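Breakdown of the fold
Take a look at the letters that make up each chain.
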Amino acid sequence: MPGILILMGPQGAGKGTQAQLLGERMSLPIVATGDILREVARSDSDLGRAVKEIQSEGRLVPDEVLARIVQERTSQPDCRGGYILDGFPRTLPQAQLLEDVAKDQVQRLTAINIEVPREMLWRRLGGRRTCSRCGAVYNIYSKPSKIEGVCDLDGQPLFTRSDDNEESILRRLSLYDEKTRPLFDYYREAGRLFDVDGSGSPEEVFEQIAQLLGARERAVS
Ligand code: AMP
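Residues numbered from 1 in each chain as written. Predicted model: local features only at pLDDT ≥ 70, side-chain atom pairs only at ≥ 80, totals over all residues. Heavy atoms only, no water.

1. Digging into the packing of helix 2 (residues 33-41) against helix 4 (residues 63-74)
This is how the line gets drawn: Between N-to-C directions, angles span 0 to 180 degrees; the directions come from axes that are lines fitted to C-alpha atoms, helices contributing only their stretch in contact. Put simply, DSSP marks the helices as runs of H or I at least four residues long and the strands as runs of E at least two long, and each gets a number from the N terminus on. For classification purposes, angles smaller than 35 degrees are called roughly parallel, those larger than 145 roughly antiparallel, those between 65 and 115 roughly perpendicular, and all remaining angles oblique. Throughout, a contact is declared for two residues whenever any of their heavy atoms are within 4.5 Å. Throughout, the ten residues Ala, Val, Leu, Ile, Met, Phe, Trp, Tyr, Cys and Pro are labelled nonpolar, Asp, Glu, Lys and Arg are labelled charged, and all others, Gly among them, are labelled polar.
Two numbers describe how helix 2 lies on helix 4: the axes approach to 11 Å, and their chain directions differ by 105°. If you check the angle between helix 2 and helix 4, you find them roughly perpendicular. Of helix 4, the residues touching helix 2 (which contributes Thr33, Ile36 and Leu37) are Val65, Leu66, Ile69, Val70 and Arg73. Broken down by class, the residue content of the contact of helix 2 with helix 4 amounts to six nonpolar, one polar and one charged.

Structure follows, in structure tokens:
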């Protein structure tokens, strides 16, 4: 039983790519709080407008909002057999909330930390382009689309995320160091944190994750 897999790592570490691979190959749903919040930001409401502003500045959405979103999404039937968290938890109160959620749902928590050198993150974030319709992610340096600015899969225009500009990237990385890195100790002490080297290809990183999940499964069964 895979339980709850938490993908940790700074923005640009490849959490979204690994979430997709793990989701497909382990048949698990992905709960990506950044995507859910981008959806909220598109709605014409006070919350939508507030989230849009916070996201484009690269700040963190309040913990109470995340608590509601995560509780609601992970209580859906498709999450019963376990799920992948991408982008959550990012703060200590969020990690504490997740403990309660996991206990209620009788799910085991496993945190995977994808480490990538900082200069590589800049290239990945600065070069990132996303399909406006299907969400496929490209990179102008390492994974360009066949036609510049157009999605290979559905021919729709690609866009640069509003928070992938220099100022927001800087803020997001420093918030990561300040608020999210301390969670490593939290999970490490409980023996639930596993490190992987995220500088290789998506397949190489996936292989490392698959191996350590297999080893963990054998250790607890
Ligand atoms: P991401 O797609 O994970 O990089 O998230 C994009 C943005 O959504 C972040 O910079 C935050 O503004 C917001 N966000 C996503 N997840 C969280 C979270 N767990 N806590 C607070 N804000 C979040």
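2. Brief notes about the site of the ligand
What counts here: We call a residue near a given molecule or strand whenever any one of its heavy atoms falls within 4 Å of it. By the criterion applied in these results, polar contacts are pairs of N or O atoms within 3.5 Å in which, for protein atoms, one can donate a hydrogen and the other can accept it, and in which residues neighboring in sequence qualify only through two side-chain atoms. Residue exposure ignores everything except the shown protein chains as possible cover, and the areas themselves are Shrake-Rupley values with a 1.4 Å probe.
Surveying the vicinity of the ligand reveals 15 residues, the closest of which are Thr33, Gln55, Arg59, Gly87 and Arg90. Here an oxygen atom of the ligand sits 2.9 Å away from a polar atom, N or O, in the side chain of Arg38. One of the backbone nitrogen or oxygen atoms of Val61 is found 3.1 Å away from a nitrogen atom of the ligand. Out of a free accessible area of 490 Å², the ligand has 95% covered by protein chains. Of all the elements, helix 2 adds the most residues to the shell around the ligand, at four residues. Among the residues forming the shell around the ligand, the class breakdown is five nonpolar, five polar and five charged.

3. Remarks on the pairing of strand 4 (residues 109-115)
Rules: Think of it in three bands: with a 1.4 Å probe and only protein chains considered, a residue is buried below 20% of the maximum accessible area for its type, exposed above 50%, and partly exposed in between. In this description, strands pair whenever DSSP reports at least two bridges between them.
Burial analysis of strand 4 places six of its seven residues in the buried class, the great majority of the element. Pairing geometry for strand 1 (residues 4-8) and strand 4, over five bridges, is parallel. What sits directly across from Ile6, in strand 4, is Ala111. Here strand 4 pairs with strand 8 (residues 193-197) via five bridges, running parallel. If you follow Asn113 over to strand 8, its bridge partner there is Asp195.

4. Focus: the nonpolar core
Cut-off, in case you're wondering: Here, nonpolar core refers to any group of buried Ala, Val, Leu, Ile, Met, Phe, Trp, Tyr and Cys residues whose side-chain atoms link them within 4.5 Å.
Core analysis: the largest hydrophobic core is formed by 30 residues, its most contacted members being Ile6, Met8, Leu85, Leu98 and Tyr187. Mapped onto this core, the elements with two or more residues apiece are strand 1, helix 2, helix 3 (46-57), helix 4, strand 3 (83-86), helix 5 (92-105), strand 4 and helix 8 (182-189). Contacts of Met8, omitting those with residues within four sequence positions, involve Lys15, Pro89, Ala111, Ile112, Asn113, Ile114, Tyr176, Thr180, Leu183, Phe184, Tyr187 and Leu193. Judged by nonpolar contacts, the second largest core, of 21 residues, contains Ile112, Val116, Leu121 and Ile209.

5. Some points on the sheet that holds strand 5 (residues 128-131)
Taken together, three strands build an open sheet; the order of strands is 6-5-7 and the sheet is antiparallel. Each edge of the open sheet carries a strand with a single partner, namely strand 6 (137-139) and strand 7 (158-159). Across two bridges, strand 5 lies against strand 7 in antiparallel orientation. Bridge pairing in strand 7 links Thr130 to Phe159.

6. A word on the sheet that holds strand 4
With parallel pairing, five strands are arranged side by side in an open sheet as 2-3-1-4-8. Two strands lie at the open edges of the sheet, namely strand 2 (30-32) and strand 8, each paired on one side alone. In this sheet, adjacent strand axes meet at a mean angle of 20° when their direction is disregarded. Direction of pairing for strand 1 relative to strand 3: parallel, over a ladder of four bridges. Residue Leu7 lies in a different strand from strand 3, and its bridge partner there is Asp86. Strand contacts of helix 2: strand 2 and strand 3, with the helix running at about 60° to strand 2, the strand carrying the most contacts.

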